[in-house]
Amino acid sequence: MEVALGLASLTLAKLLRFSGLVSSRDELKVKKMEEKALEVYDVIRSIRDPEKPNTLEELEVVTENCVEVQELGEDEYLIVIKFSPTVPHCSLATLIGLCLQVKLQRCLPFKHKGSCLSLEIYISEGTHSTEEDINKQINDKERVAAAMENPNLREIVEQCVTEPDD
């Protein structure tokens, strides 16, 4: 009896896979998350580096692959960004993380009434000497809010996140 059930289960699984019912639904979900990740990337790619005239995309601090969007539930998403500073001792890594936070809080393309978004920003593992400390800072809402109350820091962030034609 167990053998018959096992064969029936295996046959049903193969039938579903070949029919496209199971994989096409999963593929659609993956494609939807990839599209949302590209939307997020389009928002952050134009952020300017705090000390160079280049964008984070031009410096390869952010790439398409550094953005991941996960669907947690209906209209509920987790956005994870992993950026790579240009050097392991970059003194502006925290500021870059702050710019990412601010720009995404303002400009997320699929942020709408009724949706719930969680945002996590990290330095890519092994790319900075103090990545743990910086990761804590840039994901602490109170620290981000306090930083944005500093007029000098706010001005620098605004210069970095404002589009050239804004």
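Look up a bit, the structure's there.
Residues numbered from 1 in each chain as written. Predicted model: local features only at pLDDT ≥ 70, side-chain atom pairs only at ≥ 80, totals over all residues. Heavy atoms only, no water.

Trainee: Honestly, the nonpolar core in this entry has me stumped. Any pointers?
Mentor: General note: in soluble globular proteins, nonpolar side chains tend to be found buried as a group. Counting residues in hydrophobic clusters, the biggest one holds 38 residues, and the most contacted among them are I44, I81, F83 and L100. Listing elements by their share of this core, those giving two or more residues are α2 (21–44), β1 (67–73), β2 (76–83), α3 (93–107), β3 (116–123), α4 (131–138), α5 (141–149) and α6 (151–161). Per element, the largest residue contribution to this core is 8 residues, and it comes from α3. Not counting residues up to four positions away in its chain, the partners in contact with I81 are V40, I44, C66, V67, L100, L104, L119, E120, I121 and Y122. (Core = buried A, V, L, I, M, F, W, Y, C linked by side-chain atoms within 4.5 Å. Buried < 20%, exposed > 50% of the residue type's maximum accessible area, 1.4 Å probe, protein only. Helix = DSSP H or I, 4+ residues; strand = E, 2+ residues; numbered from the N terminus. Contact = heavy atoms within 4.5 Å.)

Trainee: Sorry if this is basic, but what is going on with unusual backbone geometry here?
Mentor: Excluding glycine, a negative phi dihedral is what most residues carry, and trans is how most peptide bonds are arranged. The phi angle at E60 is positive, at roughly 60°, despite the residue not being glycine. Looking at the secondary structure, you find E60 in the loop between α2 and β1. Among the residues examined, E60 registers a relative accessible area of 60% and is labelled exposed.

Trainee: Just checking my understanding: could you explain the packing of α5 against α6 for this structure?
Mentor: Each pair of packed helices can be summarised by the angle the axes make with each other and by the distance between the axes. Put simply, α5 and α6 touch, their axes get as near as 5 Å, and they point 95° apart. Compared by their axis directions, α5 and α6 come out roughly perpendicular. Within the contact between the two elements, α5 uses A147, M148 and E149 and α6 uses P151, L153, R154, V157 and E158. Looking at side-chain class alone, the contact of α5 with α6 contains 5 nonpolar, no polar and 3 charged residues. (Axes fitted to C-alpha atoms, helices over the stretch in contact; angles between N-to-C directions. Parallel < 35°, antiparallel > 145°, perpendicular 65-115°, else oblique. Nonpolar A, V, L, I, M, F, W, Y, C, P; charged D, E, K, R; others polar.)

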